[in-house]
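A look at the structure
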Amino acid sequence: MALSREQVAMRVAQELQDGYYVNLGIGIPTLVANYVPAGIEVMLQSENGLLGMGPYPTEDEIDADMINAGKETVTAIKGAAIFSSAESFAMIRGGHVDLTVLGAFEVDQNGNIASWMIPGKLVKGMGGAMDLVAGAQNIVVTMTHADKYGNSKLLTDCTLPLTGVGCVKKIVTDLAVLEVRNGAFHLLERAPGISVEEIQQKTAGKLVINGDVPEMVFN
Amino acid sequence: MAGFNKVVHSYEDAMAGLQDGMTVIAGGFGLCGIPEGLIAQIKKMQTKDLTVVSNNCGVDGFGLGILLEDRQIKKMVASYVGENALFEKQLLSGELEVELTPQGTLAEKMRAGGAGIPAFFTATGYGTPVAEGKETREINGRNYVLEESITGDFAIVRAWKADRYGNLVFRHTSMNFNPMAATAGKITVAEVEEIVEPGELEPSQIHTPGIYVQRVIKGNFEKRIERRMVRQG
């Protein structure tokens, strides 16, 4: 079975380490905050200027001056810091954020990512995505392995305008966990019940398979 | 002392001198931390052919979005503009020019503009459409794009508290682009929630020193929320 959005988020959460500063993009990446493993502490960075993002507010806590980068009302945890956008992107660009998780339309075997623009469709803008992929120490991309027509999103070369070059290290799809290294996708784990053959068939770029590929484990 | 009293008492005085064709830098992120009354004054003045630099362009009927209604904006420099049907219409019809700029690059362009740095190298956007036509350079094995800074004829910002010297303090995440925008205007106008006596703001806690600010006006804010998310308490 292909993973649900929540399961993809659960698997990404296993990448979190104690003491990590993490920026989570919109969509599935946001769900990762719900699955932080017990016993570890991470600090969520929101690029509009908040380090130490908390959960959504209760009705009583709502404050129009307190939002996240998705423009949603949010809270700050005890010990949070708030700062300007320039400071926020100094953190990001300067490599101080340990992990960025974001979605994408396409990723290729050289770690290039396309996530912001489909020519011919309305272009809404890249927001902070280009800065995030250029600056984070570690980038995990979440996406479906193939589009709804079955076309692979893991390509030899991205076809869409890029968000960043040579920056993606790891991909968690609904079918697999892959590492991007030396010009190829390296298959690390399979979704439970998904065969290596299916992953191979839905990966257009170069795929390296070493020995038996284990299934993902969810606690 | 009058030279240091930057408080004005009308929006006409706050935006006096704004003319057609000028560049206006606006603070705010989405609808958070926007100078609502100053934007409304620009609408009232019907100034045309403006270049507006701001992370977003408001929404239909609120924030910078109201300046689209009478086609006052010629060019928009922003990182994300997807919240606005009128914006989309004018963009597709060619009435509105848009320069999409990565969010961190936009913040740094304002910061550098205010700090007298004409351009800077950043890895952001290298190898993407953003870098097209721009100088690139390899430094210590990594590739960078040369981005030019931005200054404005006017900068309009929203702050929480100000004193008459123009010292500003921002509230929560309504800070966002406001401090950099404030440094980058030839005339910077701060619309604030509260004007306090000099000395009430702790000197070491001031976010924007008054030297950057030419005018201060006390505003009333609707503070519209774009995405109201609530958890059950």
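Under an unreviewed UniProt entry, the name given to chain B is 3-oxoacid CoA-transferase subunit A, and the source organism is Rheinheimera nanhaiensis E407-8.

If you look chain A up in an unreviewed UniProt entry, it shows as Succinyl-CoA:3-ketoacid-coenzyme A transferase subunit B from Rheinheimera nanhaiensis E407-8.

Looking at the overall build of chain B
Along the backbone of chain B there are five helices and eleven strands. Its C-alpha atoms give chain B principal-axis dimensions of about 50 × 50 × 40 Å. For chain B, contacts bridging at least 24 residues in sequence account for 72% of all contacts bridging at least 6. Of the roughly 9900 Å² of accessible surface on chain B, a fraction of 48% belongs to carbon and sulfur atoms. Positive and negative side-chain charges of chain B, numbering 25 and 29 respectively, have mean locations separated by a distance of 3 Å.

Focus on the sheet that holds strand β12 (residues 184-190) of chain A
Residues and elements named next belong to chain A. Across the sheet, which stays open at both edges, the ten strands sit in the order β4-β3-β2-β1-β5-β8-β10-β11-β12-β13 with mixed pairing between neighbours. Of all the strands in the sheet, the pair left with one neighbour each is β4 (76-82) and β13 (207-208). Looking at chain direction, strand β8 (residues 139-143) and strand β10 (residues 170-173) are connected through four bridges and run parallel. Paired with Val141 across the two strands is Ile171, which belongs to β10. Each of β5 (99-103), β8, β10, β11 (176-181) and β12 touches helix α1 (residues 5-13); the most contacted strand, β10, lies at about 150° to it.

Looking at the pattern of salt bridges
Scanning the model with the defined rule gives 25 salt bridges over all chains in all. Notably, a salt bridge pairs A:Glu59 with B:Arg228, separated by 3.2 Å at the nearest N-O pair. Of this pair, A:Glu59 sits in the loop between β3 (50-53) and β4 while B:Arg228 sits in the segment after β11 (215-218), placing the two residues on different chains. With a closest N to O distance of 2.2 Å, B:Arg71 and B:Glu95 form a salt bridge. Of this pair, B:Arg71 sits in the loop between β2 (50-53) and β3 (73-78) while B:Glu95 sits in the loop between α3 (85-92) and β4 (97-100), and the two are 24 residues apart along the sequence. When salt bridges with common partners are traced through the structure, they connect A:Asp63, A:Asp65, B:Arg158, B:Arg171, B:Glu193 and B:Lys223 into a single cluster.

Some remarks on the interface of chain A and chain B
Residue-level contacts link 46 residues of chain A with 51 residues of chain B. Around 3900 Å² of area is buried between chain A and chain B when both sides are counted, 62% of it from carbon and sulfur atoms. Interface area lost by chain A to chain B is led by A:Asp65, A:Lys71 and A:Lys124, which between them contribute 19%. Along the contact surface separating chain A from chain B lie six salt bridges. One salt bridge connects A:Asp65 with B:Lys223, and the closest N-O pair in it is separated by 2.5 Å. Listing elements by their share of the side of chain A that touches chain B, those giving two or more residues are α3 (85-93) and α4 (129-135) of chain A. Here the element with the most residues in the side of chain A that touches chain B is α3(A); it accounts for four residues.

Comments concerning the environment of A:Met66
Within the secondary structure, A:Met66 sits in the loop between β3 and β4. Judged by relative accessible area, which is 6%, A:Met66 ranks as buried. Considering only alpha carbons, one finds A:Met66 and A:Leu50, 16 residues apart in sequence, at a separation of 9.2 Å. When residues no more than four places from it in sequence are discounted, the contact partners of A:Met66 are A:Leu50, A:Glu72, A:Thr73, A:Val74, A:Thr75, A:Ala76, A:Ile82, B:His172 and B:Thr173.

Points about helix α4 (residues 103-115) of chain B
Between its first and last C-alpha, α4(B) extends 18 Å over 13 residues, near the 18 Å set by a 1.5 Å rise per residue. The buried fraction of α4(B) is high, at ten of 13 residues.

Description of the packing of α3(A) against α4(B)
In a pair of packed helices, the angle between the axes and the distance between the axes together describe the arrangement. For the pair α3(A) and α4(B), interaxial distance at closest approach is 9 Å and the crossing angle is 125°. Accordingly, the angle class assigned to the pair α3(A) and α4(B) is oblique. Both α3(A) and α4(B) take part in a crossing whose hand is left-handed. Of the residues in α4(B), those touching α3(A) at A:Ser85, A:Ala86, A:Phe89 and A:Arg93 are B:Gln103, B:Gly104, B:Thr105, B:Ala107, B:Glu108 and B:Arg111.

Some words on unusual backbone geometry
For A:Lys71, which is not glycine, the phi dihedral falls at a positive 65°. Backbone geometry at B:Asn140 places phi at a positive 50°, although glycine is not the residue there. By the element assignment, B:Asn140 lies in the loop between β6 (136-139) and β7 (142-148).

What to know about the sheet that holds strand β6 (residues 106-108) of chain A
Residues and elements named next belong to chain A. The strand order across the open sheet formed by three strands is β7-β6-β9, and the pairing between neighbours is mixed. Taken across any chain shown, the strands that pair with only one partner, and hence form the sheet edges, are β7 (113-114) and β9 (154-155). Taken together, the two bridges between β6 and β9 define a ladder with parallel strand orientation. From the neighbouring strand, Asp108 faces β9, where its bridge partner is Leu155.

Procedures and definitions
- Residues numbered from 1 in each chain as written.
- Chains lettered and ligands numbered in written order.
- Predicted model: local features only at pLDDT ≥ 70, side-chain atom pairs only at ≥ 80, totals over all residues.
- Heavy atoms only, no water.
- Helix = DSSP H or I, 4+ residues; strand = E, 2+ residues; numbered from the N terminus.
- Contact = heavy atoms within 4.5 Å.
- Areas by Shrake-Rupley, 256 points an atom, 1.4 Å probe, with all protein chains shown as cover.
- Lys, Arg positive; Asp, Glu negative; His and termini not counted.
- Charge placed at Lys NZ, Arg CZ, Asp CG, Glu CD.
- Pairing = 2+ DSSP bridges.
- Axes fitted to C-alpha atoms, helices over the stretch in contact; angles between N-to-C directions.
- Salt bridge = Lys/Arg side-chain N within 4 Å of Asp/Glu carboxyl O.
- Buried area = accessible area lost by both parts, 1.4 Å probe.
- Buried < 20%, exposed > 50% of the residue type's maximum accessible area, 1.4 Å probe, protein only.
- Expected span 1.5 Å × (residues − 1).
- Parallel < 35°, antiparallel > 145°, perpendicular 65-115°, else oblique.
- Left-handed = near helix turned anticlockwise from the far one by under 90°.

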